[in-house]
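Listed here are the chains, written in short residue letters.
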There are 2 protein chains.
Amino acid sequence: MKSNLFLSLLVSGFSLSVFAQEPIQVIEPAKIGNAAKVELGKKLFFDPRLSKSGIISCNSCHNLASSGTDNLPTSIGHGWAEGPINSPTVFNASYNLAQFWDGRAADLKEQAGGPIVAEVEMASSHDIVVKTLAGIPQYQQEFSAVYGKGGIDIDKVTDAIAAFETTLVTPNSDFDLWLKGDNKALSAQQLRGYQTFKEIGCIACHNGPAVGANSYQKMGVVKPYVTKNKSLGRYGVTARDGDKHVFKVPTLRNIELTAPYFHDGAVWDLAEAVNVMAEIQLGKTLTAQQSSDIVAFLKTLTGERPQIVLPLLPPSPDTMFKAGEEVELAEE
Amino acid sequence: MKSNLFLSLLVSGFSLSVFAQEPIQVIEPAKIGNAAKVELGKKLFFDPRLSKSGIISCNSCHNLASSGTDNLPTSIGHGWAEGPINSPTVFNASYNLAQFWDGRAADLKEQAGGPIVAEVEMASSHDIVVKTLAGIPQYQQEFSAVYGKGGIDIDKVTDAIAAFETTLVTPNSDFDLWLKGDNKALSAQQLRGYQTFKEIGCIACHNGPAVGANSYQKMGVVKPYVTKNKSLGRYGVTARDGDKHVFKVPTLRNIELTAPYFHDGAVWDLAEAVNVMAEIQLGKTLTAQQSSDIVAFLKTLTGERPQIVLPLLPPSPDTMFKAGEEVELAEE
């Protein structure tokens, strides 16, 4: 009854007074605090010299030209190795309560240090990366300008990358326009989908500005989730039995762009992903109309992707330590 | 005698009248003819869906954030395969008399079709790429807007990529400023290096706006060039014995950025590259001062790299043919 009243209020246009109570809030546009730090972080984000091979950058698996992901089930890294888990989008990642699917990094800064050293990702080491960057005069200057004297260290490298990533938000989605009072921003089907999303219980985990990303939940609350993926989620961090198969609830912002879905990237079709979640998390079998409505709502969460001017990376001087010299290649 | 007169004219400032006779000409800024086509080509250049894996784009080996190359001896492609030859820069590639080291593609359009299907590069097929792009509504619209009706075909795909690549020029290098009459643009050492570059004969092959790229020459005219690289150069195109080890003379524009050098990417140090060339092409052993001067001159050929706004790639609809579904991964 309450929800019917709510819906009729929405449809009749008397909706402004209830917006403050919506369980989803708008994504705010990025505030650029230290522009020089953000610019430095952008260079590092795009710089393949952070990898052992010299060809993999943060942007390789978090492609800012597309979805902030690589749109693969699991990433391909150094030596064409298969990553252990689906690469999450870097868009709006500053809203995550912690980073990685298992939340093992407290924040973006801590996260940024991980892939650099992961054998199946960039396969380098913090020492090598610092040595490489320190050999590039323009980086020396930029780090000094941002962090003062003391040279380059991995703490500054990851801090700058995190500062850049914090700017990667996607405001002004249709849903946000609607939240801000534009009653024409959503169609009747999209509104119906949002209503269903709330009524059947998706909203219990997918709420807040990121429509998720603010809690951990078991994958398979009602029915077990069958997967070939070996990750045990939070258990790897806490070693508590109850945390087996518990993962950070992913954001649904820009979900239309970030297929394939789930921590194993097993599902490409958004409607199928919705149906699976309803079944294993809520014990509900959706009608075709319900899942179609929810998908229509989810697509209203696609925001404005940041417009990125490709950085011009500082050239490597002749004398620098070159990651590329150590590259190991597959046999011909 | 003539060159001494020439140098004194330069130094004395009476140089404008002789500039027209310089064997190197300026790089002109890009003229954008069909802006919609260029923008479409930019999307395609950055789109990893042109590859079988879904992670390799033109930009992977021709990185516009750095040098238009991957700064590796030879590229790493699909399955971490080693490419057969050093990836040449895409900057100013429109000045090349033909494309690839062996000139087997007449122009940028013909070139663009090659890496898409090469097993050690993107490992896809023209049919799959066209099918993939045709499954993306926004691409359908953009191709129609640029090329009219008739759908997407590989001819249009490569034409658009070539149109974008034609804009990737690097004007306003210090050397070009000097060519245009700014006598203060070059230092005494840089001018001396240019003079030596001409006197000892480098200029015979490295001339024109691209300072090369307009002829084929044997690698090892005076002394044989020792390399593990198996490419026979133009011989692969013409099957003429005299074309063995004959390659397109590479541009020296932005040479400071594009290490490692030569078709085999064997040399990282620019001074060493200069010394090797003097020895095997001209039979001359340079003094340390001479090679240092020439390097100083070569660094004046670094131009303004194009400022690229990263394209926002059209999302893949749920229903599309997905290259990523066919990805083959290394065993764990």
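Since we're looking at a predicted model, the values are computed, not measured. (Residues numbered from 1 in each chain as written. Chains lettered and ligands numbered in written order. Predicted model: local features only at pLDDT ≥ 70, side-chain atom pairs only at ≥ 80, totals over all residues. Heavy atoms only, no water.)

**Here we look at the relation of the copies chain B and chain A**
Keep this limit in mind: Here the copies were fitted onto each other by least squares, based on C-alpha atoms from residues at pLDDT of at least 70 in both. What makes two residues a contact is simply this: any of their non-hydrogen atoms within 4.5 Å.
Between the two copies, chain B and chain A, the superposition gives an RMSD of 0.0 Å; the rotation angle is 180° and the shift along the axis is 0.0 Å. In the structure described here, the two chain copies are related by an operation that fits a two-fold rotation axis. Relative to the rotation axis, the C-alpha of Val-309 of chain B is the closest in chain B, positioned 2.1 Å from it. Most of the interface of chain B is mirrored in chain A, where 100% of its interface residues are also at the interface.

**Re the interface of chain B and chain A**
Here is the rule we go by: Accessible area that two parts lose when put together, with a 1.4 Å probe and added across both, is what the buried area reports. Any carboxyl oxygen of Asp or Glu that lies within 4 Å of a side-chain nitrogen of Lys or Arg is treated as forming a salt bridge with it. Throughout this description, a polar contact denotes any pair of N or O atoms lying within 3.5 Å of each other; where both atoms belong to protein, one of them has to be capable of donating a hydrogen while the other can accept it, and for residues adjacent in sequence the pair is counted only when both atoms sit in side chains. Here the nonpolar group is Ala, Val, Leu, Ile, Met, Phe, Trp, Tyr, Cys and Pro; Asp, Glu, Lys and Arg are the charged ones; every other residue, Gly included, is treated as polar.
Each partner contributes to the interface: chain B provides 43 residues, whereas chain A provides 43 residues. Counting the surface lost from both chain B and chain A, the interface buries some 4,000 Å², and carbon and sulfur atoms represent 65% of this. At the surface where chain B touches chain A, the tally comes to zero salt bridges. The interface formed by chain B and chain A contains six residue pairs in polar contact (both at pLDDT 80 or more). A class-by-class count of the residues in the side of chain B that touches chain A yields 23 nonpolar, nine polar and 11 charged.

**Some thoughts on the UniProt feature "binding site: heme c 1" (unreviewed entry) in chain A**
Selection rule: UniProt positions are given in the numbering used here, feature names are shortened, and annotations may be inferred rather than shown by experiment. Numbering of helices and strands runs from the N terminus; a helix is a DSSP stretch of H or I covering at least four residues, while a strand is a stretch of E covering at least two.
Mapped onto this numbering, the UniProt entry gives "binding site: heme c 1" (unreviewed entry) at Cys-58, Cys-61, His-62 and His-78 of chain A. Note on placement: Cys-58 of chain A falls in helix H3 (residues 58-61). If we skip the residues at most four places from it in the chain, Cys-58 of chain A touches Leu-44, Phe-45, Met-122 and Ile-161 of chain A. Locating His-78 of chain A in the fold gives a position in the loop between strand E1 (76-77) and strand E2 (81-82). With near-sequence residues (within four places) excluded, His-78 of chain A lies in contact with Lys-52, Ser-53, Ile-56, Glu-119, Val-120, Glu-121, Met-122 and Ala-123 of chain A together with Trp-80 of chain B.

**Here's the deal with the packing of aromatic side chains**
All names here are of chain B. Stated formally: Each Phe, Tyr or Trp ring, with Trp reduced to its six-membered ring, pairs with another whose centre is within 6.5 Å; inter-plane angles below 30 degrees give stacked pairs, above 60 give edge-to-face pairs, and intermediate values give tilted ones. Here's how the labels work: a residue is buried when its accessible area is under 20% of the maximum for its type, exposed when over 50%, partly exposed in between, all with a 1.4 Å probe on protein chains only.
Tallied over the entire structure, the rule returns 24 aromatic pairs over all chains. Here the aromatic rings of Trp-178 and Tyr-194 are separated by 5.7 Å at their centres, their planes lie at 80°, and the arrangement is edge-to-face. Here Trp-178 is found in helix H9 (residues 174-179), whereas its partner Tyr-194 is found in helix H10 (residues 188-199), with 16 residues between them in sequence. One exposure class covers both Trp-178 and Tyr-194, and it is buried. Look at Phe-197 and Phe-297: their rings are 4.9 Å apart centre to centre, the planes differ by 55°, and that puts the pair in the tilted class.

**Things to note about the state of the cysteines**
As used here, a disulfide is simply a covalent bond connecting the sulfur atoms of two cysteines. To keep things clear, this is the line we draw: The disulfide criterion used throughout: a pair of cysteine sulfur atoms within 2.5 Å.
If you walk through the whole model with that rule in mind, you get zero disulfides over all chains. This cysteine, Cys-205 of chain A, is not joined by any disulfide, and Cys-202 of chain A carries the nearest cysteine sulfur, 9.1 Å off.

**A word on the packing of helix H12 (residues 270-282) of chain B against helix H13 (residues 288-298) of chain B**
All names here are of chain B. Rules: Axis lines are fitted to C-alpha atoms, over the contacting stretch for helices. Their N-to-C directions set the angle, which ranges from 0 to 180 degrees. Relative orientations are named as follows: roughly parallel for angles under 35 degrees, roughly antiparallel for angles over 145 degrees, roughly perpendicular for angles from 65 to 115 degrees, and oblique for any other angle. Crossing handedness is read from the near helix: turned anticlockwise from the far helix by less than a right angle, it gives a left-handed crossing, and turned clockwise, a right-handed one.
With their axes 9 Å apart at the nearest point, H12 and H13 run at an angle of 115° to one another. As far as their axial angle goes, H13 and H12 are roughly perpendicular. Remark: the crossing between H12 and H13 carries right-handed chirality. Of H13, the residues touching H12 (which contributes Leu-270, Ala-271, Val-274 and Asn-275) are Ser-291, Ile-294, Val-295 and Leu-298.

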